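# Topology and contacts: notes
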Amino acid sequence: MMRRLAWTGLLGALTLLAGCGAENDELRAWMEQQRREVKPNITPLQPPKKFDPQPYASAGAVDPFSSQKLTVALKQEARQPNSLLSAEMNRRKEPLEAYPLDSMSMVGSVNKLGQPFALLRVDSLLYQVKVGDYLGQNYGRVTKIAETEVDLREIVQDAAGEWIERPASLQLQEKAR
C-alpha cells in the first residue's frame, strides 16, 4: 500500500513538471517572436561641435572677491553723511577688533577707582576692557559692564544692505571642574 502511494505521488509530480515545461516552451517562443519584431529606434549621435577657445578679457579687471574692493565699498559707505560707519572707519582700530566675538570669553570683572573693567580671555591672553572700548570684528563697542556680563553694540548689515546697530553680549564663563 505504501509503495503504491509513493508511486502515485511520484507520477503526479512528473505530470506537473511536464505541464510546466510546455508553458516554458510557449514563453520562450513568445520571447523570440518579440525580439524579432521589435526594432530599436536609436537616433545617431551628432558629431561634436568645434571648440573655439576665447581669450580671457577680464584678466586686468578688479577681482570681485578681493578685499581691496570690499574696503573701497566700505569707505564709500562711510562717506555717507548719516552712515553709522562714518565714525568707525576714520578711527584707529583697537587690538581686540582683530578677533571675532565668539573667540572671546569673559573670565571676571574688577573695579579700579570706581570704574568697572571686564577681564576677557583671547588666545590665552587676558585683556582689561572698559566702557567705550572696541572689540570684535563688527565694530563692537562696550556699552555696559556688569559683574557677569559685558554688553556691547555692533554695527552690521541687514538683509537689505543697510548698516544697523544690534546688541551683543559676553557672559561670564565659569571654570569647568
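In this report, the structure presented in the accompanying data block is examined. As the structure is a prediction and not an experimental result, all values here were calculated from the model.

Okay, a nonpolar patch on the surface next. On the surface, a cluster of nonpolar side chains totalling about 300 Å² of accessible area is made up of Leu27, Trp30 and Met31. Mapped onto the fold, Trp30 is located in helix H1 (residues 2-37). Here Trp30 falls in the partly exposed class, since its relative accessible area comes to 47%.

This part covers the sheet that holds strand S2 (residues 115-122). Read from one edge to the other, the open sheet built from three strands follows the order S1-S2-S3, with strand pairing classed as antiparallel. Each of the sheet's edge strands pairs with one partner strand only, and the pair in question is strand S1 (105-112) and strand S3 (125-129). Neighbour-to-neighbour, the strand axes of the sheet open up by a mean angle of 25 degrees, direction not taken into account. Direction of pairing for S1 relative to S2: antiparallel, over a ladder of seven bridges. Its bridge partner being in S2, Met106 is matched across the sheet by Leu120.

Scoring rules and cut-offs
Residues numbered from 1 in each chain as written. Predicted model: local features only at pLDDT ≥ 70, side-chain atom pairs only at ≥ 80, totals over all residues. Heavy atoms only, no water. Patch = residues over 30% accessible without salt bridge, like charges linked within 9 Å, V, L, I, M, F, W, Y side chains within 5 Å. Areas by Shrake-Rupley, 256 points an atom, 1.4 Å probe, with all protein chains shown as cover. Salt bridge = Lys/Arg side-chain N within 4 Å of Asp/Glu carboxyl O. Helix = DSSP H or I, 4+ residues; strand = E, 2+ residues; numbered from the N terminus. Buried < 20%, exposed > 50% of the residue type's maximum accessible area, 1.4 Å probe, protein only. Pairing = 2+ DSSP bridges. Axes fitted to C-alpha atoms, helices over the stretch in contact; angles between N-to-C directions.

Read these as layout, nothing more, since geometry by itself doesn't imply function.
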